[in-house]
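Understanding the architecture of this molecule
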Amino acid sequence: MGQKVALACIIDDDKIYVNLVKKIIEIKKLSENLLIYKNGKEALDYFKQIMETATDEDKLPDIIFLDLNMPVMDGWEFLNEFIKIKNNLHKKITLYVVSSSIDPRDLERAKSINMVTDYLIKPIELKKFEKIFARTAA
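Only a predicted model underlies this, so the values are computations on that prediction, with no experimental measurement involved.

**Topic: the packing of helix α2 (residues 40–52) against helix α3 (residues 75–86)**
As a packed pair, α2 and α3 sit with axes 10 Å apart at the nearest point and diverge in direction by 10°. Considering the angle they form, α2 stands roughly parallel to α3. Counted together, Gly40, Ala43, Leu44, Phe47, Lys48 and Met51 of α2 and Phe78, Glu81, Phe82 and Ile85 of α3 form the full contact between these two elements. In terms of residue class, the contact of α2 with α3 is made up of 7 nonpolar, 1 polar and 2 charged.

Structure follows, in structure tokens:
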């Protein structure tokens, strides 16, 4: 695997899951840098701040792994707000919803949102992660 993703982002309040994914990304060298947020509001505030200085788009992630169930601002609320600001971005951001929910309604709702690349059910297998990063880096 030649090319790496420059910047990945995890938006999830599950510390164990986040640490596991962080380790996988580090060990497999899937991304040069990693942003981690405990809820959608933290991530959204960061993205808005970066967008105010238009020259900093390289500080926006290439790929986002978004959990649905979080305190403060959940994944659905984040998606609703992110869609509003996404049009102002010039950078292509690949977004995956990652959830332990196997509710078909969540799956359908996520897949009905254009900017959601896929709906992944926790835990994600290592091979799946590698494929996702390889596709995004290409």
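**Side note on the side chain of Asp12**
Along the chain, the position of Asp12 falls in the loop between β1 (5–11) and α1 (15–27). Within the structure, Asp12 has its side chain in polar contact with the backbone nitrogen of Asp14 (distance 2.8 Å). Among the polar contacts listed, one links the side chain of Asp12 to the side chain of Lys122, at a separation of 2.7 Å. Here Asp12 is in contact with Tyr17, Val18, Tyr37, Lys38, Asp67, Met70 and Lys122, once residues within four sequence places are set aside.

**Concerning the sheet that holds strand β2 (residues 31–37)**
A sheet is described by the order of its strands in space; here 5 strands give the open sequence β2-β1-β3-β4-β5, paired in parallel fashion. Edge strands, defined here as strands with exactly one partner in the open sheet, are β2 and β5 (116–121). Ignoring strand direction, the axes of neighbouring strands in this sheet form an average angle of 20°. Contacting β1, β2 and β4 (94–99), α1 runs over the sheet at an angle of about 170° to β2. In this fold α2 packs onto β1, β2 and β3 (63–66), with an angle of close to 125° to the strand it touches most, β2.

**Describing the packing of α1 against helix α5 (residues 126–137)**
In contact at an axis separation of 11 Å, α1 and α5 are set at 60° when each is read in the N-to-C sense. In terms of orientation, α1 lies oblique with respect to α5. You can see that α1 and α5 cross each other, and the crossing is right-handed. For the pair α1 and α5, the contacting residues are Tyr17, Val21, Ile24 and Ile25 in the first and Leu126, Phe129 and Phe133 in the second. When grouped by side-chain class, the residues that make up the contact of α1 with α5 number 7 nonpolar, no polar and no charged.

The rules behind each value
- Residues numbered from 1 in each chain as written.
- Predicted model: local features only at pLDDT ≥ 70, side-chain atom pairs only at ≥ 80, totals over all residues.
- Heavy atoms only, no water.
- Axes fitted to C-alpha atoms, helices over the stretch in contact; angles between N-to-C directions.
- Helix = DSSP H or I, 4+ residues; strand = E, 2+ residues; numbered from the N terminus.
- Parallel < 35°, antiparallel > 145°, perpendicular 65-115°, else oblique.
- Contact = heavy atoms within 4.5 Å.
- Nonpolar A, V, L, I, M, F, W, Y, C, P; charged D, E, K, R; others polar.
- Polar contact = N/O pair within 3.5 Å; in protein donor to acceptor, adjacent residues only side chain to side chain.
- Pairing = 2+ DSSP bridges.
- Left-handed = near helix turned anticlockwise from the far one by under 90°.

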